[in-house]
Amino acid sequence: MKFLFRIIIASVIASGGLVGYSLTIGKDTRVGLQTQQVMDDLITLAGEGIATLQEYRSRDAAEFIEAPYQETLDACMRNMFFVKNGYHFSQSKWGAQSAPYQFRGLELIGPKGMVINQLDYAKGIDERITFEFYVEAYRSYHKSTGWKDWDVSPPPNLDSITLVLHKGTWKVAASPLKSYNLQ
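Residues numbered from 1 in each chain as written. Predicted model: local features only at pLDDT ≥ 70, side-chain atom pairs only at ≥ 80, totals over all residues. Heavy atoms only, no water.

Participant: Summarise the packing of aromatic side chains; cite the residues concerned and give the values.
Facilitator: Inspection of the entire model under this criterion finds 14 aromatic pairs. Where Tyr 101 meets Phe 103, the ring centres are 6.2 Å apart and the plane angle is 25°; that geometry is what we call stacked. Phe 103 matches Tyr 101 in its accessibility class, with the two residues each being buried. Seen from their ring centres, Phe 103 and Tyr 180 are 5.5 Å apart, and the 75° between their planes marks the pair as edge-to-face. (Phe/Tyr/Trp six-rings, centres within 6.5 Å; stacked < 30°, edge-to-face > 60°. Buried < 20%, exposed > 50% of the residue type's maximum accessible area, 1.4 Å probe, protein only.)

Participant: Quick one: what's the story with the pairing of strand β2 (residues 87–92), residue by residue and with numbers?
Facilitator: Alignment of strand β1 (residues 82–84) against β2, held across 3 bridges, turns out to be antiparallel. Bridging from a neighbouring strand, Val 83 pairs with His 88 of β2. Counted between consecutive antiparallel strands, the loop separating β1 from β2 contains 2 residues, among which Asn 85 sits at a positive phi close to 55°. As defined by bridge partners, β2 adjoins strand β10 (residues 180–181) across 2 bridges and the pair is classed as antiparallel. Counterpart to Ser 92 in the pairing with β10 is Tyr 180. (Pairing = 2+ DSSP bridges. Helix = DSSP H or I, 4+ residues; strand = E, 2+ residues; numbered from the N terminus.)

Participant: Can you tell me about the pairing of strand β8 (residues 161–166), naming the residues and giving the values?
Facilitator: For β8, the buried fraction is high: 5 of the 6 residues fall into the buried class. By the bridge criterion, 5 bridges tie β8 to strand β9 (residues 169–174) in an arrangement that is antiparallel. Its bridge partner lying in β9, Leu 163 is registered against Val 172. Hairpin connection, β8 to β9: the antiparallel pair is bridged by 2 residues, and Lys 167 has positive phi, about 50°.

Participant: Summarise the environment of Trp 94; cite the residues concerned and give the values.
Facilitator: In this fold, Trp 94 is placed in the loop between β2 and β3 (100–104). Looking at Trp 94, the relative accessible area reads 26%, which means it is partly exposed. The spacing of Trp 94 and Ser 179 is 85 residues in sequence and 5.8 Å in space, taken between C-alpha atoms.

Participant: Let's hear about the side chain of Arg 139: which residues, and what values?
Facilitator: Summarising the element assignment, Arg 139 is placed in strand β6 (residues 137–142). For the buried Arg 139, which has no salt bridge, the nearest side chain bearing the opposite charge is Asp 149, at an N-O separation of 6.7 Å. One polar contact links Arg 139 to Gln 102, side chain to side chain, over a distance of 2.7 Å. Beyond its immediate stretch of four places on either side in the chain, Arg 139 contacts Pro 100, Tyr 101, Gln 102, Trp 147, Lys 148, Asp 149 and Trp 150. (Lys, Arg positive; Asp, Glu negative; His and termini not counted. Salt bridge = Lys/Arg side-chain N within 4 Å of Asp/Glu carboxyl O. Polar contact = N/O pair within 3.5 Å; in protein donor to acceptor, adjacent residues only side chain to side chain. Contact = heavy atoms within 4.5 Å.)

The values are spatial; any link to function lies outside them.
Written out as structure tokens, the structure is:
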């Protein structure tokens, strides 16, 4: 084992010595010129890699900056749900009577950009995005029986939220607010 360790150390020292020789005393030799070319290529690649890494970090940092539509999206969500102990709660607004709903693992997936056509532009709409709901499970509450069992199918009438950028202002174009809200 000691012998193998010594061979590894000697190899590292020798290759370091070769690079040192190639970049100093032997810089005009064939080995020196080739080593210099390899080193220049590595420095260029490292520089490009660092620039690319900085671009990715800039993008990541931009994600932490609040998106221009975030305030509108948050207001829509606050009208539909309140959060307690990691669960989202709302009130159904369809059918004969309203009923409380509890959602486990509710998340918004998106935004997903949507196609804008000439009619949209004519109406002053510059951008349209949508967010889909993901829910692990949901259940409803009934006065006589209490909370039902958790249901893992998609919740009824919990459709996507669509936002539009209309004349420079983000607005809710479609949401399940008529089906679920806190009022």
